[in-house]
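Residues per chain are reported as follows:
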Amino acid sequence: MSTFWAAAAHLPDGLAADVTFQVTDGRFTAVRPDTAPGDARRLPGVVLPGFANAHSHAFHRALRGRTHGGGGTFWTWREAMYAVAARLDPDSYRALATAAYAEMALAGVTAVAEFHYVHHAPGGVPYSDPHAMRTALRTAAAAAGIRLTVLDTCYLAGGFATPLEGPQLRFGDRDAHAWAERAAGADGVAVHSVRAVPRDALAVVAKAADGRPLHVHLSEQPAENAACLARHGLTPTGLLAAEGVLGPRTTAVHATHLTEADVAQLGGSGTGACFCPTTERDLADGIGPARALQDAGAPLSLGSDQHAVTDLLEEARALEMHERLATGERGRFRPAELLAALTNHDPLGRPDAGRLAVGAPADLVAVRLDTVRTAGTDPAQVLYAATAADVDTVLVDGRPVVEGGVHRLGDVGALLVSAIGALR
Ligand SMILES: [Zn+2]
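Residues numbered from 1 in each chain as written. Predicted model: local features only at pLDDT ≥ 70, side-chain atom pairs only at ≥ 80, totals over all residues. Heavy atoms only, no water.

### Describing the overall build of the chain
Piece 1. Helix and strand counts for the chain stand at 13 helices and 18 strands.
Piece 2. Taking 22 Å as the expected radius of gyration for a compact globule of 424 residues, we find that the chain reaches 21 Å, a close match to that expectation.
Piece 3. By residue count, 58% of the 424 residues in the chain fall in the buried class.
Piece 4. If you take every contact in the chain between residues at least 6 apart in sequence, the share linking residues at least 24 apart comes to 73%.
Piece 5. In the structure as shown, the chain presents an accessible area of about 15600 Å², 53% of it carried by carbon and sulfur atoms.
Piece 6. Across the chain, the 36 positively charged side chains and the 46 negatively charged ones have centroids separated by 3 Å. (Helix = DSSP H or I, 4+ residues; strand = E, 2+ residues; numbered from the N terminus. Rg over C-alpha atoms; globule rule 2.2 N^0.38 Å. Buried < 20%, exposed > 50% of the residue type's maximum accessible area, 1.4 Å probe, protein only. Contact = heavy atoms within 4.5 Å. Areas by Shrake-Rupley, 256 points an atom, 1.4 Å probe, with all protein chains shown as cover. Lys, Arg positive; Asp, Glu negative; His and termini not counted. Charge placed at Lys NZ, Arg CZ, Asp CG, Glu CD.)

### Examining unusual backbone geometry
Piece 1. The residue Asp25 is not glycine, and still its phi comes out positive at about 50°.
Piece 2. Along the chain, the position of Asp25 falls in the loop between β2 (14–24) and β3 (27–32).
Piece 3. Phi at Asp210 is positive, roughly 50°, even though this residue is not glycine.
Piece 4. Structurally, Asp210 can be placed in the loop between α5 (199–209) and β11 (214–218).

### Remarks on the nonpolar core
Piece 1. Residues Phe59, Tyr101, Leu293, Leu300, Leu319 and Leu342 are the most contacted members of the largest nonpolar core, which totals 116 residues.
Piece 2. Per-element accounting of this core gives the leading share, 8 residues, to helix α2 (residues 90–106).
Piece 3. In this structure, Phe4, Ala9, Phe28 and Val31 belong to the second largest nonpolar core, which totals 18 residues. (Core = buried A, V, L, I, M, F, W, Y, C linked by side-chain atoms within 4.5 Å.)

### Brief notes about the coordination of the zinc ion
Piece 1. Protein coordination at the zinc ion comes from His55 (NE2), His57 (NE2), His217 (NE2) and Asp305 (OD), with a distance range of 2.1 to 2.7 Å.
Piece 2. Every donor counted, the 4 donor atoms about the zinc ion form angles of 86 to 172° at the centre, which fits irregular coordination.
Piece 3. Linear spacing of the donor residues for the zinc ion on their chain is H-x1-H-x159-H-x87-D. Separated by 160 residues along the polypeptide, His57 in the loop between β5 (51–56) and α1 (74–87) and His217 in strand β11 bring together distant segments of the chain.
Piece 4. When its relative accessible area of 7% is taken as the criterion, His217 is described as buried. (Donors = N, O, S within 2.8 Å, 3.2 Å for Na, K, Ca; no water. Tetrahedral: all angles 85-135°; square planar, octahedral: opposite > 155°, others 65-115°.)

### Side note on the sheet that holds strand β14 (residues 300–302)
Piece 1. Read from one edge of the open sheet, 8 strands run β5-β6-β7-β10-β11-β12-β13-β14, paired in parallel fashion. Either end of the sheet is taken by a strand with one partner, and the two such strands are β5 and β14. Averaged over all neighbouring strand pairs, the angle between strand axes comes to 25°, with direction disregarded.
Piece 2. With 6 bridges connecting them, strand β6 (residues 109–116) and strand β7 (residues 147–154) associate as parallel partners. Paired with Ala113 across the bridge in β7 is Thr149.
Piece 3. In the packing of α2 onto the sheet, contacts are made with β5, β6 and β7, and the angle to β6 comes to roughly 140°. (Pairing = 2+ DSSP bridges. Axes fitted to C-alpha atoms, helices over the stretch in contact; angles between N-to-C directions.)

### A look at helix α13 (residues 412–421)
Piece 1. When α13 is considered as a whole, its buried residues turn out to be Val412, Leu416, Ala419 and Ile420. Buried residues of α13, viewed axially, fall in a sector of 95°; they line one side.
Piece 2. Lining the buried residues of α13 we find α2 and β18 (406–407).
Piece 3. Of the residues that open α13, the one with a side-chain oxygen 3.1 Å from the backbone nitrogen of Gly413 is Asp411. (Arc of directions from axis to C-beta. Polar contact = N/O pair within 3.5 Å; in protein donor to acceptor, adjacent residues only side chain to side chain.)

### Notes on the pattern of salt bridges
Piece 1. Inspection of the entire model under this criterion finds 24 salt bridges.
Piece 2. With its nearest N and O atoms 2.4 Å apart, the salt bridge here joins Arg182 to Asp173.
Piece 3. Classification of Arg182 as buried rests on a relative accessible area of 8%.
Piece 4. A cluster of three or more residues bridged by salt bridges with shared partners is formed by Arg134, Asp152, Asp173 and Arg182. (Salt bridge = Lys/Arg side-chain N within 4 Å of Asp/Glu carboxyl O.)

### A word on the sheet that holds strand β15 (residues 364–367)
Piece 1. The mixed open sheet is built from 8 strands, whose spatial order is β3-β2-β1-β4-β15-β16-β17-β18. A single partner strand is all that each edge strand has here, and the edge strands are β3 and β18.
Piece 2. Taken together, the 4 bridges between strand β4 (residues 41–49) and β15 define a ladder with antiparallel strand orientation. Its bridge partner being in β15, Leu48 is matched across the sheet by Val365.

### Considering the environment of Leu96
Piece 1. Turning to its location among the elements, Leu96 is positioned in helix α2.
Piece 2. For the pair formed by Leu96 and Ala190, sequence separation is 94 residues and the distance between their alpha carbons is 22 Å.

### Details of the packing of α2 against α13
Piece 1. In the contact formed by α2 and α13, the axes pass within 8 Å of each other and the chain directions differ by 150°. Relative to α13, the element α2 lies roughly antiparallel. In this structure, the crossing between α2 and α13 has a hand that is left-handed. Side by side, α2 and α13 meet where Ala95, Leu96, Ala99, Ala100, Ala102, Glu103 and Leu106 of the first sit next to Val412, Leu415, Leu416, Ala419 and Ile420 of the second.
Piece 2. Looking at the contact of α2 with α13, its residues break down into 11 nonpolar, no polar and 1 charged. (Parallel < 35°, antiparallel > 145°, perpendicular 65-115°, else oblique. Left-handed = near helix turned anticlockwise from the far one by under 90°. Nonpolar A, V, L, I, M, F, W, Y, C, P; charged D, E, K, R; others polar.)

Here it is, written out as structure tokens:
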């Protein structure tokens, strides 16, 4: 058994003072406010549940700070992404994912859902081990010390009525049934988008999910909506609803350009919505209707997606700040609602995690309140001031992954430089 103590902690009922945490076999066995530290290990600042990163493409980390020269669009950004995807092999994928996941741990992420679609060798030729790329991700997450939910992504077409071509070939399978066979051992599944999965394959993916988390990129760009309407006479949300893809186990990622009927359909079906605000602003996607979705019944979660920024505190803050810009109102989300999105582990298939409570996995994040960014901050409002650089300690299963702002693998910057450099 190990024991930790914090002067402030966000418990399920709200902010508490002088909290002792007892951990046995990776789970909290006691969480007691108003206690003396005794000989417990003291955690600095304010303690939060571990952050859930509900949407990641680990290899996109190689694109940070390299796609802004000519302006461009979402679609020109995608060409740069394909160029990186074309160079990956299981070893370089593992090295890059290890560094990217370690960077996430430094930012307080204790669990990540990887929307994984680089399945095969270039040209679409399966590796001798058909799960080589998935295994690379699992090895990476284990080294980085964070929980991983691999979402095996179905990706069968280059666009509506367009076959896969060039770098996309390695994302694809012969058909939806071949995909489902390989995806059987994954933690969850995904529909890449209504662009990349033909209508007749959507129900196959929904059935193959079989109770596992099911994610889908949804209406990130207006062009996708226009093409879907032209092809099917339905919005992407309408199409997913018609094919049985929506529901409480499903997470719609981005959900940016929605009609009122789409919002009602997503909320009414209990489908979750994962916002990735730093990616959505980086790619000039737009600001999705986060408040309206939550009010309609769609639980919110957060993702760092392409990792233009790896700072889940910033994603949580941006959920509110983007709403402020879009509506001219402050306080669109209460702090507790932002924290709920930041720690929502349901889309990762881990509903027991994300709470500082007896029985939950002992995953927590201690954020300093004495740095140049956070000094003077009310611990109740830490989400409005702190950044990833203020994360001091991260425990997963009660074991330290980050201590004093240092990851157990050491210099994560050096890991990133080496892993990204190998792809150039
Ligand atoms: Zn994505």
